[in-house]
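Each chain, written out:
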Amino acid sequence: MLAVLVAHLAAALLGPLAVRVMGRSAFYLLAVVPAASALWLATLDPAALTTSPRVHSIPWIPQFGITLTFRLDTLSWLLAMIATAVGALVLVYCARYFKNTEPGLGRFAGVLTAFAGAMVGLVLADDVMVMFVFWELTTIFSYLLIGHYAEKRASRRAAINALISTTAGGLAMFVGLLMLAERAGSMSLAAIVESPIWHGDDAYLVIALLLIAAGAVSKSALVPTHFWLPGAMAAPTPVSAYLHAAAMVKAGVYLVLRLDPAIAQVPYVGPVIVVLGAATMLLGGWRALRQVDIKLLLAYGTVSQLGFLMAVAGLATPDAVLAASAMLVAHAAFKAPLFMVVGIIDKKYGTRDMRVLSGVWRAAPIVSVIGLISAASMAAVPPLLGFVSKEAIFTALWYGGTAQRLLLVALVAGSVLTVAYSWRFLTGALGRAPGAPPVRAAAISPGFWLPPAVITLATLALPVLAHGLEVITARIADGVPGEHAGVHLAIVPHLGVPLLLSAVTLGLGVLVAVLARPVERFQRAVSPQRWAPGRAGVLLDAERGFRGLMRAVDSIAVLVTPLYQRGSLPFTLGTMLVVIIAMAAPILFWQNPLPDNFVPFMRPVEILLLVVAAIASIGAARARRRLRAVFLITVTGYVVALYFLLAGAPDVALTQVLAETMMTVVLVLALRRMPAYFSRRPLNLDRWLRWTIAIGTAAALCGVAVYAAAARQDDPLGRDLIEAAYTIGGGHNVVNVTLVDARVWDTFGEISVLLVVATGVASLIFVTQREQSIARVESVRPSRTIWNRRADTELPRNLLELDTRPEDVSGNRWRTWLSAGRTLAPQRRMVVLEVMTRLSFPLMMMFSVYLLMAGHNHPGGGFAGGLVAGIALTLRYIAGGRYELSEAAPVQAGLVLGVGMATAVAAAVLPVFFGGSVFSTATPVVHVPVLGELHFPSALLFDIGVYLVVIGVVLDILRSLGSQIDLHQEAETE
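Some words on the overall build of the protein
Then, in step 1: Summing up its helical and strand segments, the protein has 38 helices and four strands in all.
Then, in step 2: Here the protein has a C-alpha radius of gyration of 38 Å; the compact-globule value for 974 residues is 30 Å, and the former is much larger.
Then, in step 3: Principal axes of the C-alpha set define a box for the protein whose edges measure 120 × 70 × 65 Å.
Then, in step 4: Scored against the burial criterion, the 974 residues of the protein give a buried share of 48%.
Then, in step 5: Relative to all contacts within the protein whose residues are 6 or more apart in sequence, the contacts with residues 24 or more apart total 78%.
Then, in step 6: Within the structure as shown, the protein displays about 46,600 Å² of accessible surface, and the carbon and sulfur contribution to it stands at 67%.
Then, in step 7: Taking the average location of the 71 positive side-chain charges in the protein and that of its 54 negative ones, the two points are 14 Å from each other.

A word on the pattern of salt bridges
Then, in step 1: On inspection of all chains with the given rule, the structure shows nine salt bridges.
Then, in step 2: Between Asp73 and Arg71 there is a salt bridge, with its nearest N and O atoms 3.0 Å apart. Each of the two residues, Asp73 as well as Arg71, counts as buried.
Then, in step 3: The partner of Arg352 in a salt bridge is Asp293, with the nearest N and O atoms 3.0 Å apart. A residue pair is termed long-range when its members are at least 10 positions apart, and Arg352 in the loop between α14 (318-349) and α15 (360-363) and Asp293 in the loop between α12 (269-288) and α13 (294-313) qualify at 59 residues.
Then, in step 4: Arg352 gets classed as partly exposed once you look at its relative accessible area, which sits at 22%.
Then, in step 5: Sharing partners across several salt bridges, the network here consists of Arg71, Asp73 and Arg258.

Considerations on the side chain of Glu660
Then, in step 1: Its location among the elements puts Glu660 in helix α29 (residues 650-671).
Then, in step 2: Summary of buried charges: Glu660 has no salt-bridge partner, and the nearest side chain of opposite charge, Arg626, is 16 Å away.
Then, in step 3: Apart from the residues lying within four places of it in its own chain, the contact partners of Glu660 are Ile633, Thr634, Gly637 and Tyr638.

So, the side chain of Ser374
Then, in step 1: Topologically, Ser374 is positioned in helix α16 (residues 365-378).
Then, in step 2: Those residues in contact with Ser374 that sit more than four places away from it in its chain are Phe334, Pro337, Leu338 and Thr456.

Comments concerning the packing of aromatic side chains
Then, in step 1: Scanning the entire structure with this criterion turns up 13 aromatic pairs.
Then, in step 2: Aromatic pair Phe227 and Phe546: ring centres 4.8 Å apart, planes at 35 degrees, arrangement tilted. Within this pair, whereas Phe227 is found in the loop between α8 (203-219) and α9 (228-231), its partner Phe546 is found in helix α25 (residues 542-564), the two being separated by 319 residues in sequence.
Then, in step 3: A relative accessible area of 8% means that Phe227 is categorised as buried.
Then, in step 4: A relative accessible area of 11% means that Phe546 is categorised as buried.
Then, in step 5: An aromatic cluster is defined as three or more aromatic residues linked by ring pairs; in this entry it consists of Phe27, Tyr93, Tyr97, Phe98, Phe108 and Phe448.
Then, in step 6: Just above the ring of Tyr149 sits the side chain of Lys152; from NZ or CZ to the centre is 4.7 Å.

Here's the deal with unusual backbone geometry
Trans is the common state for peptide bonds, and a negative phi is the common state for residues other than glycine.
Then, in step 1: The residue after Val223, namely Pro224, is reached through a cis peptide bond having omega 10 degrees.
Then, in step 2: Looking at where Pro224 falls in the secondary structure, it is placed in the loop between α8 and α9.
Then, in step 3: The phi dihedral of Ala316 falls on the positive side, at around 55 degrees, and the residue is not glycine.
Then, in step 4: Within the element layout of this structure, Ala316 appears in the loop between α13 and α14.
Then, in step 5: Assessed through its relative accessible area of 4%, Ala316 is described here as buried.
Then, in step 6: Even without being a glycine, Ala380 presents a positive backbone phi close to 65 degrees.
Then, in step 7: Here Ala380 is to be found in the loop between α16 and α17 (385-398).

Focus on the pairing of strand β1 (residues 54-61)
Then, in step 1: Sheet topology note: the β1/strand β2 (residues 66-72) ladder contains seven bridges and is antiparallel. Residue pairing in the sheet places Val55 in a bridge with Arg71 of β2.
Then, in step 2: Counting the residues that bridge the hairpin from β1 to β2 gives four residues, and of these Gly65 lies at a positive phi of roughly 70 degrees.

Focus: the packing of helix α3 (residues 74-97) against helix α4 (residues 105-124)
Then, in step 1: As a packed pair, α3 and α4 sit with axes 8 Å apart at the nearest point and diverge in direction by 170 degrees. Put simply, α3 runs roughly antiparallel to α4. Between α3, through Ser76, Leu79, Ala80, Ala83, Thr84, Val90, Leu91 and Cys94, and α4, the contact on the second element is made entirely by Phe108, Leu112, Thr113, Met119, Val120, Val123 and Leu124.
Then, in step 2: Classifying every residue of the contact of α3 with α4 by side-chain character gives twelve nonpolar, three polar and no charged.

Here's the deal with a positive patch on the surface
Then, in step 1: A surface patch of like charges, here positive, comprises Arg153, Arg156, Arg157, Arg544 and Arg551.
Then, in step 2: Counting only elements with at least two residues in the positive patch, the list comes to α6 (153-184) and α25.
Then, in step 3: With three residues, α6 is the single largest residue contributor to the positive patch.
Then, in step 4: Residue position: Arg551 is located in helix α25.

Remarks on α6
Then, in step 1: Taking 1.5 Å of rise per residue, 32 residues should cover 46 Å, and α6 covers 46 Å from first to last C-alpha, within 8% of that figure.
Then, in step 2: Following α6 by one or two positions, Gly185 adopts a phi angle in the positive range, close to 75 degrees.

Focus on a nonpolar patch on the surface
Then, in step 1: On the surface, Trp745, Val905, Val909, Leu910, Val912, Phe913, Val918 and Leu941 cluster together into a nonpolar patch covering about 720 Å² of accessible area.
Then, in step 2: Ranked by the residues each element gives to the nonpolar patch, the list is headed by helix α37 (residues 893-913), at five residues.
Then, in step 3: Turning to its location among the elements, Trp745 is positioned in helix α33 (residues 744-766).
Then, in step 4: Using a relative accessible area of 54% as the deciding quantity, one classes Trp745 as exposed.

Considering helix α27 (residues 605-622)
Spacing of three or four residues puts side chains on the same side of an α-helix, whose turn is 3.6 residues.
Then, in step 1: The end-to-end C-alpha distance of α27, which contains 18 residues, comes to 26 Å, matching closely the 26 Å that a straight helix rising 1.5 Å per residue would cover.
Then, in step 2: Residues of α27 that are buried: Glu606, Leu609, Ala613, Ala616 and Ala620. Buried residues of α27, seen end-on, are gathered within an arc of 90 degrees and therefore sit on one face of the element. In this structure, α27 carries Leu608, Ile615 and Arg622 as exposed residues pointing more than 90 degrees from its buried face.
Then, in step 3: Where α27 is buried, its residues touch α28 (626-646).

Looking at the confidence of the model for the protein
Then, in step 1: A residue-level look at the protein finds 91% of positions with pLDDT of 70 or above and a mean pLDDT of 87.
Then, in step 2: In this model residues 789-793 is a low-confidence stretch, pLDDT under 50, and it forms five contacts with partners more than four residues away in sequence or in other chains.
Then, in step 3: Counted against residues more than four places away or in other chains, residues 798-806, with its pLDDT under 50, gives 16 contacts.

Thoughts on the environment of Met248
Then, in step 1: Structurally, the position occupied by Met248 is in the loop between α10 (237-242) and α11 (250-263).
Then, in step 2: When its relative accessible area of 0% is taken as the criterion, Met248 is described as buried.
Then, in step 3: Residues Met248 and Ala83, 165 residues apart in the sequence, show an inter-C-alpha distance of 8.9 Å.
Then, in step 4: In contact with Met248, other than residues within four places in its own chain, are Phe115, Met119, Thr138, Ser142, Lys219, Trp228, Tyr242 and Leu243.

Brief notes about the environment of Ala234
Then, in step 1: Relative to the helices and strands, Ala234 is located in the loop between α9 and α10.
Then, in step 2: Considered as a pair, Ala234 and Tyr149 are 85 residues apart in the sequence and their alpha carbons are 8.2 Å apart.
Then, in step 3: With sequence-adjacent residues up to four places away left out, Ala234 is seen in contact with Ile146, Tyr149, Ala154, Ser155 and Ala158.

Quick look at the packing of α16 against helix α19 (residues 446-461)
Then, in step 1: Viewed as axis vectors pointing N to C, α16 and α19 meet at an angle of 35 degrees, and their least axial separation amounts to 10 Å. You can see that α16 and α19 cross each other, and the crossing is left-handed. Residues Ile366, Val367, Ile370, Ile373, Ser374 and Ser377 of α16 pack against Trp449, Pro452, Ala453, Thr456, Thr459 and Leu460 of α19.
Then, in step 2: For the contact of α16 with α19, the per-class residue count stands at eight nonpolar, four polar and no charged.

Some thoughts on the nonpolar core
Then, in step 1: If you look at the biggest cluster of nonpolar residues, it comprises 201 residues, and the most contacted ones within it are Tyr242 and Phe425.
Then, in step 2: Top contributing element to this core by residue count: α14, with 22 residues.
Then, in step 3: Residue contacts for Phe425: discarding those within four places in its chain leaves Ile294, Leu297, Leu298, Leu338, Val342, Ala375 and Leu430.
Then, in step 4: Of all hydrophobic cores here, the second largest spans 46 residues; its members include Leu851, Leu852, Val950 and Leu955.

Conventions used here
Residues numbered from 1 in each chain as written. Predicted model: local features only at pLDDT ≥ 70, side-chain atom pairs only at ≥ 80, totals over all residues. Heavy atoms only, no water. Helix = DSSP H or I, 4+ residues; strand = E, 2+ residues; numbered from the N terminus. Rg over C-alpha atoms; globule rule 2.2 N^0.38 Å. Buried < 20%, exposed > 50% of the residue type's maximum accessible area, 1.4 Å probe, protein only. Contact = heavy atoms within 4.5 Å. Areas by Shrake-Rupley, 256 points an atom, 1.4 Å probe, with all protein chains shown as cover. Lys, Arg positive; Asp, Glu negative; His and termini not counted. Charge placed at Lys NZ, Arg CZ, Asp CG, Glu CD. Salt bridge = Lys/Arg side-chain N within 4 Å of Asp/Glu carboxyl O. Phe/Tyr/Trp six-rings, centres within 6.5 Å; stacked < 30°, edge-to-face > 60°. Lys NZ or Arg CZ within 6 Å of the ring centre and 35° of its normal. Pairing = 2+ DSSP bridges. Axes fitted to C-alpha atoms, helices over the stretch in contact; angles between N-to-C directions. Parallel < 35°, antiparallel > 145°, perpendicular 65-115°, else oblique. Nonpolar A, V, L, I, M, F, W, Y, C, P; charged D, E, K, R; others polar. Patch = residues over 30% accessible without salt bridge, like charges linked within 9 Å, V, L, I, M, F, W, Y side chains within 5 Å. Expected span 1.5 Å × (residues − 1). Arc of directions from axis to C-beta. pLDDT = per-residue confidence, 0-100. Left-handed = near helix turned anticlockwise from the far one by under 90°. Core = buried A, V, L, I, M, F, W, Y, C linked by side-chain atoms within 4.5 Å.

Structure representation (structure tokens):
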């Protein structure tokens, strides 16, 4: 089973390339995959699969009990056979339907093949999550196929309608399936159906099944979502012949049949499906009689037939399931060829309008015979398969009791309409059109009409093999509780009321077809567009109502979005904080004032730190200068670091200090392009509102933290990590070993985020691309100094004319402490800072390397070391300007980021080449004279990657918020 899905995936991926090389003939090659799958299915005994299903399972997400489980039983065999056999013939049909010049043909071939695989995966999947994945894949692929002609508005609209309608139902179905999985304690569909939960009038189960029914209803285009299927006829005809006749629209019917053993034991669900199905059958048949486009006529006929199938399947009795399964096969056997016939007529005669088509039966006799047989089967003319299946349905309903006989009346009425629109199709597509000239004979290659002819043979052959088909369908019905009433699939039925109803159906259907003009006038008279104009007409027209709903959603979005997305950071942040308060406050109010194990503080110094943090916070909130607010916020960060240190977490404290320092630098650099003062708030109400939100947020977050900490039930894992850090990770620093070994995937994701952040910051500043070269001191003209004042400055002239070029002075008086010091104007230099930088930079870089190397056993690590190196580079920049930064790091930030990320990836992949797994741990020991025994854990390589990524991020920020803003300000000054 897994090989079938993999083969479809491979064919879908190779489809575009095959079309590019072979043209439309590539469809023949692609058809081999579903054809081979169908042949493999044909070698199996479907009846034996009921008691001995084939199950293939691969663990996927074992923590949640999710496995890639595929189960082939009789029902899935039947649907898979339809999907693969019809899919193969449709692909063969595509080889003659399309031209080599068709735009997007390669994409279409790949998507159609992928859809075939997704449909097979849907009916084979036994796990709830896996089935939902394939369910949504069919939705996505159908969206792409319906919208194949993307340049046409009708195609785009039809694709969107189908996507929204089926996705909404699919999400409801997903919730229902998860509810059943939770109640049954299993993610297996088979286990859910067979579990002992199905008893009694349980509202939980009713709701779950109704949600699932919503997904089935939307997928199979039942009222009120029936409108998307006729609109989907904007797709190429092969799509209609496959998705909308034999495959995707059957998914809803399949799901109901799969859950029928459960639906039979739960009240209310079956009747809802039955009523919607009967209403859909009548509505679809009624609308089909009004169509002049033969493809649209078949589309509404498909809607009607799907309603018929769902109504019978929703009864959830053994006889109904048997008959519905047979009708499922019959529908695929007659509707797919009918769509293919329409495609041939459209391609050869350039129209689908029955008012123009005339004499097709003379111009294309073989195609006409195929259409005649298929339409006759759709109308249930004996002895075709459509008649055999419908006779079984009538028999099951007649002997099913009073309620089912009421349904039988509705289905007989719908069947009358089916006969009428089948006749309308034959006369309109193949017969003579009054006043229209006969169509000219056109050459139709066997490769074009052979695929629908092969499917039509099933309509002729299966009635003869009715006993074999009955054995298969009876096995499907065996799992449904209830008694059999002796329903059989017979080419020669018994005399009785069901046969009489079939005869009445054919007679009344022909009568309605003969009285086509009076019926058409009656339809116009009772049409809601005539007697219910305006809003009432919109409500009664599903498609117009759906469009109105979408417009209403857009209108509400237009009204609501400006209220919250104002482009104001304070307003957006305030909205987020108010939501946090609103979510946390009700829960906190229901709690005791404080948990029983609440400890205010461990040491008296913590109270002092709290006071300092509170004063800094209030000062930051009241500060008028932005720079003052930034420094006060930094104070609160340092206080948090002290709390970590008091709690015995030096690693976390060190990282907090370094990160807070780096953040302060970044904010200060950014503030250079912002006003020095915050805007004034003239209204006291606004000021008090901000204070209220701030205090409320603080109280809510503190309360959540306190009660979350008090809710611990299990022992902390810290004690267990201490020993494991050394025995497994080879280090004494539990924090660092955890980050680069035990939870290395988390750290890998975090440095990936850092890389994305650096790219985003650079993109905001550089706009189009990073700077292409690193400007060094040698490139500066000797006479030019940067960061000069304007000419109207009040500084003394001798200061402005101060020349610091070393080649023009004697002695060491004007020599610079930093390489790029002479590029700064004298009034911008600070000699004390230059001296401090010159002395401290090498020490800081050495310290960063120490933190990197020692982090496995002592406080430090790649992140902390990278931050120290970044702070050292920041110091060089502040002291000597952008040229000094280039002298300190004459490399592109992107190169450092790339090398760091590549090093981290290498740390993950290299163990695989030595027989290990991804991110395997190894700690080789090297004996060095003098130094002694040295341990080199494999995690060190990953830590080096982290170190380089952090340096790259800091360098990117300094180049973006530092050097680039310098250039902007210099340009403004000049």
